[in-house]
Amino acid sequence: MANVSTLRFGAQTDEVTSLLRIVNMVRVGDAVTRPEIGRVTGLGRGVVAQRVDRAVEMGFLEDAEFAPSSGGRAPRTLRFRTERGRIVVCALGGLHIHVGLTDLDGTILAEAHRAWDIASGPEETLATATSMVDTLLAGDDATPVWAIVVGLPGPVDFDTGRPVAPPIMPGWNGFDVRTVFEKRYDAPVWVDNDVNLLAAGERARRRDENIDLIYCKVGTGIGAGLVSHGRLHRGTNGAAGDVGHVRVAGSEHVCRCGKTGCLEAVAGGWALVRDARAAIAQGAKGALADILASGDDLTPERVALAAERGDPLAIGLVQAAARPIGEALAGLVNMFNPGVIVVGGAVASVGELFLAEVRHRVYELSLPLATRDLVIRTSENDTREPLRGGVDLAREQLFEVSLPRWFSEGRPTVAAVHGAAAVAHAVRHDRH
């Protein structure tokens, strides 16, 4: 890497601005030859050559194959050097840990998955997760980590990277997740709600559409990720989309959060298991009763699978859950007016059986204008969805949000991305 200490803001703002723009244009493919860069930016040929040479010197770009000739000498294309850094995604669920390693273009290079109870607490959980990440990195070629994204199954203050009173995560409230990863890997870290990672994954499939989208996850619990004009909408404190704790009229079920009548306590996966057990205790027969009789435990996944296979009790439970979920989504549709609703998670994996009830309630209770162009569908049920969403979030934060802050360093650093305050906080944390 060449010495880039002379590239600073202030007197050279125009140079830095055009360099940033050129690197990003090549990275996303908007302009990949020097003549194309000149046409898009309006910069002269000599200036373009100078800027590209500097970007090559800094290690961001390199020459690639020749482009097709349009009648004359074929121009050489440029490529963004995606191999220079790695992105780590650590997706923590209620009952699993999924980690992945990618290049800067989001290509998944390695991944690992294991069953894990998030209620084991932050120290033990993060020790296990970082050990899994260490194993992935040990099999790589020592390329530095440029970014880490951690997804958590509960509310997260995105600015601080700390969970806030997560109902299914005892001992996690206010825990400094970000610093654990930053100290271990010396790379900037972003921590977010797991449903936001899923919403980011759906957004990545529609990057050119400037989409308004809701991703509703119906698994053990219920949550929603909101994308507004192509941007994740987290709200002031990161609590946007917490639809699982909307009150269901007439319900007296106590939720895991301690409140009464939450949507999650009526229609979440754990509520379906609770209701299935109660029905079986009262004499209900069928596949779910057979599972309990065999000594196995019921899970939301098993309820969904039994519904797919035609078990009457499971079908009734799934359809009963879909109705209040549809009603809650109808409220979001009237307020947010999305173009797409994607429903995912273990319970929603039943497919049309679940989705038909959701659609019916949404269209019945929403304004005609709000549903005129609305598409409601299930997710692709891809086990890599959290990894792809985490990578999309990392690339957004690296190249669209924080790039001007770390560009002159040649690679992202904790201090450049999160500021001196983050480093001071890490030092204080280390002392304690």
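If you're wondering where the values come from, they're calculated on a predicted model, not measured in any experiment. (Residues numbered from 1 in each chain as written. Predicted model: local features only at pLDDT ≥ 70, side-chain atom pairs only at ≥ 80, totals over all residues. Heavy atoms only, no water.)

**Looking at the pattern of salt bridges**
Counted by the stated rule, this structure contains 31 salt bridges. Put simply, R54 and E57 hold a salt bridge, and the shortest N to O gap is 3.3 Å. Here the residue R54 and the residue E57 both occupy positions in helix α3 (residues 45-58), the gap between them amounting to 3 residues, near one helical turn. Relative accessible area serves as the criterion here: at 22%, R54 is assigned to the partly exposed category. Judged by its relative accessible area of 38%, E57 is partly exposed. Note that R205 is salt-bridged to E202, the shortest N-O span being 3.1 Å. The class of R205 is partly exposed, set by a relative accessible area of 36%. One network of salt bridges, with partners in common, ties together E202, R205, R206, R377 and E380. (Salt bridge = Lys/Arg side-chain N within 4 Å of Asp/Glu carboxyl O. Helix = DSSP H or I, 4+ residues; strand = E, 2+ residues; numbered from the N terminus. Buried < 20%, exposed > 50% of the residue type's maximum accessible area, 1.4 Å probe, protein only.)

**Regarding the pairing of strand β9 (residues 189-193)**
Burial analysis of β9 places 5 of its 5 residues in the buried class, the great majority of the element. Taken together, the 5 bridges between strand β6 (residues 145-152) and β9 define a ladder with parallel strand orientation. Looking at β9, one finds that V150 is bridged to V191. (Pairing = 2+ DSSP bridges.)

**Quick word on the packing of aromatic side chains**
By the definition in use, this model includes 7 aromatic pairs. Three or more aromatic residues joined by ring pairs form one cluster here, namely F60, F80, W146, F399, W406 and F407. Sitting above the plane of the F66 ring, R76 keeps its charged end 4.1 Å from the centroid. Its guanidinium or amino end placed over the ring of F60, R84 lies 5.4 Å from that ring's centre, counting from NZ or CZ. (Phe/Tyr/Trp six-rings, centres within 6.5 Å; stacked < 30°, edge-to-face > 60°. Lys NZ or Arg CZ within 6 Å of the ring centre and 35° of its normal.)

**Considering the pairing of strand β4 (residues 96-102)**
Counting buried residues in β4 gives 6 out of 7 residues, a clear majority hidden from the surface. From the end of strand β3 (residues 86-92) to the start of β4, which pair antiparallel, there are 3 residues. Sheet analysis places β4 next to strand β5 (residues 108-115), joined by 7 bridges and oriented antiparallel. From the neighbouring strand, T102 faces β5, where its bridge partner is I108. Taking the residues that link successive antiparallel strands as the turn, the β4-β5 hairpin has 5 residues, and the phi of G106 there is positive, at about 90°.

**Section: the environment of I291**
With respect to the secondary-structure elements, I291 resides in helix α9 (residues 287-293). Spatially, the C-alpha atom of I291 lies 8.8 Å from that of R302, the residues being 11 residues apart in sequence. Residues in contact with I291, not counting those within four places in the same chain, are D296, D297, L298 and R302. (Contact = heavy atoms within 4.5 Å.)

**Structural notes on helix α4 (residues 122-138)**
Here α4 contains 17 residues, and its C-alpha end-to-end distance of 24 Å stays within 8% of the 24 Å for a straight helix at 1.5 Å per residue. All buried positions along α4 are accounted for by P122, T125, L126, T128, A129, T130, M132, V133, L136 and L137. If you follow the buried residues of α4, they end up packed against β3, β4, β5, β6 and α5 (177-185). (Expected span 1.5 Å × (residues − 1).)

**Some points on the state of the cysteines**
Scanning the model with the defined rule gives 0 disulfides in all. You can see C262 has no disulfide; the closest cysteine sulfur is in C257, sitting 3.7 Å from it. (Disulfide = S-S within 2.5 Å.)

**Quick look at the nonpolar core**
Of all hydrophobic cores here, the largest spans 49 residues; its most connected members are I37, F60, L61, L213, W406 and F407. Of all the elements, helix α1 (residues 13-28) adds the most residues to this core, at 7 residues. Core analysis: the next-biggest nonpolar cluster, separate from the first, contains 46 residues, I214, A224, A328 and L374 among them. (Core = buried A, V, L, I, M, F, W, Y, C linked by side-chain atoms within 4.5 Å.)

**Things to note about unusual backbone geometry**
A positive phi angle, close to 45°, is found at A165, a residue other than glycine. On the secondary structure map, A165 appears in the loop between β8 (162-163) and α5. Residue A165 is classed as exposed on the basis of its relative accessible area, which comes to 51%. Of note, the phi angle at N337 is positive, near 55°, even though the residue is not glycine.

**A look at the sheet that holds strand β12 (residues 231-233)**
Strand order in this open sheet of 5 strands is β12-β11-β10-β13-β14, and the pairing throughout is mixed. The sheet terminates laterally at β12 and β14 (375-378), the two strands that pair on one side only. The mean angle between the axes of side-by-side strands here comes to 25°, regardless of whether they run parallel or antiparallel. With 5 bridges connecting them, strand β10 (residues 213-218) and strand β13 (residues 340-344) associate as parallel partners. For L213, the partnering residue across the bridge sits in β13 and is V340. Helix α11 (residues 312-336) contacts β10, β11 (222-228) and β13 of the sheet and is inclined by roughly 165° relative to β10. Against the sheet, helix α12 (residues 352-365) makes contact with β10, β13 and β14, and its axis sits at roughly 160° relative to β14, the strand it touches most. (Axes fitted to C-alpha atoms, helices over the stretch in contact; angles between N-to-C directions.)

**Side note on helix α6 (residues 194-204)**
The element α6 is largely enclosed, with a buried count of 10 among its 11 residues. Residues D194, V195, N196, L197, L198, A199, A200, G201, E202 and R203 constitute the buried set of α6. One side-chain oxygen of the residue at the start of α6 lies 2.8 Å from the amide nitrogen of V195, identifying that residue as N193. (Polar contact = N/O pair within 3.5 Å; in protein donor to acceptor, adjacent residues only side chain to side chain.)

**Points about the confidence of the model for the protein chain**
Overall, the prediction assigns the protein chain a mean pLDDT of 90, with 93% of residues at 70 or greater. For residues 1-12, every residue scores under 50 in pLDDT, and the model assigns this stretch 24 contacts once sequence neighbours within four places are set aside. (pLDDT = per-residue confidence, 0-100.)

**Brief notes about the side chain of T41**
Counting through the fold element by element, T41 comes out in helix α2 (residues 34-41). Of the polar contacts made by the side chain of T41, one reaches the backbone oxygen of I37; its length is 2.7 Å. Of note is the side chain of T41, whose polar atom sits 3.2 Å from the backbone nitrogen of L43. When neighbours within four sequence positions are excluded, T41 is seen to be in contact with R21 and M25.

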